[in-house]
Amino acid sequence: MFFVVYFYRIGNFFHRLGLPIIGKFISLINRFLFSTWLPSSATIGKNFTLGYGGLGTVIHINCVIGNNVSISQNVTIGRNIGERKVPIIGDDVYIGAGSIIFGEIEIGNNVIIGSNSLVNKSIPDNCTVVGNPMRIIEKDRTLKYYELDIK
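Bear in mind the structure is a predicted one, so any value in this text is a computation, not a measurement.

### Concerning the sheet that holds strand S10 (residues 106–107)
Taken together, the four strands give an open sheet; going across it, the order is S1-S4-S7-S10, and neighbouring strands pair in parallel fashion. Here the strands that pair on one side only, and so sit at the sheet edges, are strand S1 (43–44) and S10. Relative to strand S4 (residues 64–65), S1 runs parallel, the two being bridged by two bridges. Each bridged residue has a counterpart across the sheet, and for threonine 43 the counterpart in S4 is valine 64.

Put into C-alpha cells, the structure is as follows:
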C-alpha cells in the first residue's frame, strides 16, 4: 500500500514550500485513513516502504530517515522525555514489527532491527540487533536486508 508514502510526499512538498498547514492536513488524512502517523515535517529518503500500509506506525515530526528504509507495522520512532533530539536512521535499514526506537541516538547504515526490539542506544553500521533491551547479535554484515536470501 503505497498511498501512505504517496500522501507523505505530497504533504512534505507543501511543508517545504512554506505551507505547513496543508502538510499537516495531509498528515491527518494519513492518520485517519491508514492508522499511521507520518508527519509531513519528517525528513525521509528515497525508496521508503511501510509494511501493511504503516498500520499502527508512529514517527516523530522531526525524525530523519535515510534511503532504502523499510519499516514494518506497529513501529514507534520518537524522543525520550526531556530530550530535544530524535533518532536519526541511516540508509538500508530494516525495522521489524513492533519495534520501539527512541532517544537521542543514531542508527547506522545497513542495520537490521528485529521485531519487538527496544532500541535506546546508538547502533553502528552493518549490525543486526534484537531484544528488549536491544543487543547486537551480528556485526560487520556485508549484505543489505533486501539482498538476503530468506525463504
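### Points about the sheet that holds strand S9 (residues 100–102)
Here four strands make up an open sheet; going across it, the order is S3-S6-S9-S12 and the pairing parallel. Both edges of this open sheet fall to strand S3 (58–59) and strand S12 (118–119), since each of them pairs with a single strand only. With three bridges joining them, strand S6 (residues 76–78) and S9 adopt parallel strand pairing. From the neighbouring strand, threonine 76 faces S9, where its bridge partner is isoleucine 100.

### Regarding the environment of aspartate 92
One can find aspartate 92 in the loop between strand S7 (88–89) and strand S8 (94–95). Once the C-alpha coordinates of aspartate 92 and glycine 78 are considered, the two residues, 14 residues apart in sequence, prove to be 19 Å apart. One polar contact links aspartate 92 to tyrosine 146, side chain to side chain, over a distance of 3.0 Å.

### A closer look at the pattern of salt bridges
Opposite charge on two side chains makes pairing possible when the charged atoms of those side chains draw close. With the rule as written, the count across this model stands at two salt bridges. Put simply, aspartate 92 and lysine 144 hold a salt bridge, and the shortest N to O gap is 3.8 Å. Of this pair, aspartate 92 sits in the loop between S7 and S8 while lysine 144 sits in the segment after strand S14 (135–138), and the two are 52 residues apart along the sequence. With a relative accessible area of 10%, aspartate 92 lands in the buried category. The exposure class of lysine 144 is partly exposed, given its relative accessible area of 24%. For arginine 141, the salt bridge identified is with glutamate 138, shortest N-O distance 3.9 Å.

Procedures and definitions
- Residues numbered from 1 in each chain as written.
- Predicted model: local features only at pLDDT ≥ 70, side-chain atom pairs only at ≥ 80, totals over all residues.
- Heavy atoms only, no water.
- Pairing = 2+ DSSP bridges.
- Helix = DSSP H or I, 4+ residues; strand = E, 2+ residues; numbered from the N terminus.
- Polar contact = N/O pair within 3.5 Å; in protein donor to acceptor, adjacent residues only side chain to side chain.
- Salt bridge = Lys/Arg side-chain N within 4 Å of Asp/Glu carboxyl O.
- Buried < 20%, exposed > 50% of the residue type's maximum accessible area, 1.4 Å probe, protein only.

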